[in-house]
Amino acid sequence: MTTPTVKLSSGYDMPLVGFGLWKVNNDTCASQVYEAIKAGYRLFDGACDYGNEVECGQGVARAIKEGIVKREELFIVSKLWNSFHDGEQVEPICRKQLADWGVDYFDLYIVHFPISLKYVDPSVRYPPSWQNAEGKIELGKASIQETWTAMESVVDKKLARSIGVSNFNTQLLMDLLRYARIRPATLQIEHHPYLTQTRLVDYAQKEGLALTAYSSFGPLSFLELNLKDAHGTPPLFEHDVVKGIAEKHARTPAQVLLRWATQRNIAVIPKSNSPTRLAQNLQVNDFNLESAEIEAISALDKGLRFNDPVAYGLGIPIF
Ligand code: NAD
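Predicted model, so just to flag it, every value in this text is computed and none were measured.

1. Focus on the site of the ligand
Alright, step 1. Near the ligand, the surroundings consist of 28 residues, among which Asp45, Ser215, Ser221, Gln280 and Asn281 are the closest.
Alright, step 2. Between the ligand and leucine 21 there is a distance of 3.3 Å, counted from an oxygen atom to a backbone nitrogen or oxygen.
Alright, step 3. A distance of 2.7 Å is found between an oxygen atom of the ligand and a side-chain nitrogen or oxygen belonging to serine 221.
Alright, step 4. Contact with the protein chains hides 93% of the accessible area of the ligand, taken as 840 Å² for the molecule alone.
Alright, step 5. Looking at the shell around the ligand, the elements that each hand over two or more residues are helix H7 (220-223) and helix H11 (275-282).
Alright, step 6. At three residues, H11 tops the list of elements feeding residues into the shell around the ligand.
Alright, step 7. Per-class residue counts for the shell around the ligand are 11 nonpolar, 12 polar and five charged.

Printed below as a string of structure tokens:
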């Protein structure tokens, strides 16, 4: 079974379903990536901030060594962390991340947040998280234009095939598109029935950016972080609308939530540790929801965002 792809403005094809690597534990990460490749996953969504890129690379290396997959069949995504937005820091950190993965190019390299934080030397702390070397939140001085110009040179040097952004709003995209020599190929955003961000999705798709949804299951991922809003919101898997549609199609609520996105050409990157769910999440493109069903799920929108630096107590009000 091959996963459908979406064509990026860079000319490359991105799988519509991938494996998200946030909160994948270091001790199991290499085997999870390896098992996911065996199960048919080709896109891996990593990041400096996830602190597991070395282990991700080990999983990839094992699968390649055993002949299960070739490097060019994989679509490896990584992200530029906020502490490395200064123009001169982008290429060195991208090279370090490539070395951690043990590959010589990323298929897609994304600006993780539109937030520049003060540089932290990797020898002091890596990944740096949100704090400076003294443990305090300190904004950096790089503009998005400075960072983006450095991202473009990462493509020129063939360290990344495509570049993109994450957690950007419409206004930031409008600005970026005015000066981008290489347009962002993708926009990765929080997207689930409680946060549909329709205007942003429509604008980005109209401008030719491919969309990737993160946290497709809404509050579920944030229960682990003990976020108050996640505990106070009805789980999407148990919502009558989602459950009813799942029963009708003889699918799981998880599959319906993923299909709700992929049927509108929005890629998904769910994370799971369980082999059954891994397989289930990949098998979401062989059935179609009716347009009334898509609308009924979209109508659950309540503008409820979970992945918000303010909710984490970081005091950076970007949303
Ligand atoms: P997710 O929505 O994928 O949910 C993960 C949770 O759902 C886990 O608890 C998992 O056990 C459970 N789950 C997975 N499949 C299931 C199934 N079939 N049935 C029942 N439960 C299932 O959450 P996420 O990890 O927040 O998002 C996915 C990925 O998106 C991340 O791993 C990361 O790669 C990316 N992400 C990016 C950003 C960003 O700022 N760009 C932010 C958050 C996440």
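2. A few points about the state of the cysteines
Alright, step 1. For the coordinates displayed, the defined rule picks out zero disulfides.
Alright, step 2. Not engaged in a disulfide, the cysteine cysteine 29 finds its nearest cysteine sulfur in cysteine 56; these two sulfurs lie 3.6 Å apart.
Alright, step 3. Given the relative accessible area of 0%, cysteine 56 is considered buried.

3. Focus on the nonpolar core
Alright, step 1. Leu21, Phe44, Trp101, Tyr109, Leu173 and Leu187 are the most contacted members of the largest nonpolar core, which has 89 residues in total.
Alright, step 2. What leucine 187 contacts, discounting residues up to four positions off in sequence, is Val165, Ser166, Phe168, Leu173, Leu200, Ala204, Leu209, Ala210, Leu211 and Thr212.
Alright, step 3. Of all hydrophobic cores here, the second largest spans 14 residues; its members include Val6, Ala185, Ala267 and Ile269.

4. Some remarks on the pattern of salt bridges
Alright, step 1. Inspection of every chain in the model, using the stated rule, returns 13 salt bridges.
Alright, step 2. A salt bridge links arginine 251 to aspartate 286; its shortest N-O distance comes to 3.0 Å. Of the two residues, arginine 251 sits in the loop between helix H9 (240-249) and helix H10 (253-262) while aspartate 286 sits in the loop between H11 and helix H12 (291-298), which places them 35 residues apart along the sequence.
Alright, step 3. When salt bridges that share partners are traced, they join Glu91, Arg95 and Lys157 into one network.

What counts, and at which threshold
- Along each chain, residues carry numbers from 1 onward, in the same order as the chain's sequence is written.
- In keeping with the model being predicted, local features are shown solely for residues with a pLDDT of at least 70 and side-chain atom pairs are shown and tallied solely at 80 or more, while totals for entire chains, interfaces and linings include all residues.
- Values shown for side chains rest on all heavy atoms present in the structure; no hydrogens or waters enter the calculation.
- A single heavy atom is enough: if one lies within 4 Å of a molecule or strand, its residue is considered near that molecule or strand.
- We call two N or O atoms a polar contact when they sit within 3.5 Å, provided that within protein one can donate a hydrogen and the other can accept it, with sequence-adjacent residues counted only if both atoms are side-chain atoms.
- Per-residue and other accessible areas were derived by the Shrake-Rupley procedure at a 1.4 Å probe size, with only the shown protein chains allowed to occlude residues.
- A run of H or I in DSSP becomes a helix once it reaches four residues, and a run of E becomes a strand once it reaches two; helices and strands are each numbered from the N terminus.
- Each residue gets one of three labels, nonpolar for Ala, Val, Leu, Ile, Met, Phe, Trp, Tyr, Cys and Pro, charged for Asp, Glu, Lys and Arg, and polar for the others, Gly among them.
- Only a pair of cysteine sulfur atoms within 2.5 Å qualifies as a disulfide here.
- Throughout, exposure labels follow a simple rule: accessible area from a 1.4 Å probe, protein chains only, divided by the maximum for the residue type, with under 20% read as buried, over 50% as exposed, and the rest as partly exposed.
- Remark: nonpolar core denotes a set of buried residues (Ala, Val, Leu, Ile, Met, Phe, Trp, Tyr, Cys) joined through side-chain atoms within 4.5 Å.
- Here a residue-residue contact requires only that any non-hydrogen atoms of the pair lie within 4.5 Å.
- In the sections that follow, a salt bridge refers to a side-chain nitrogen of Lys or Arg positioned within 4 Å of a carboxyl oxygen of Asp or Glu.

Bear in mind that shape data such as this cannot, by itself, settle questions of function.
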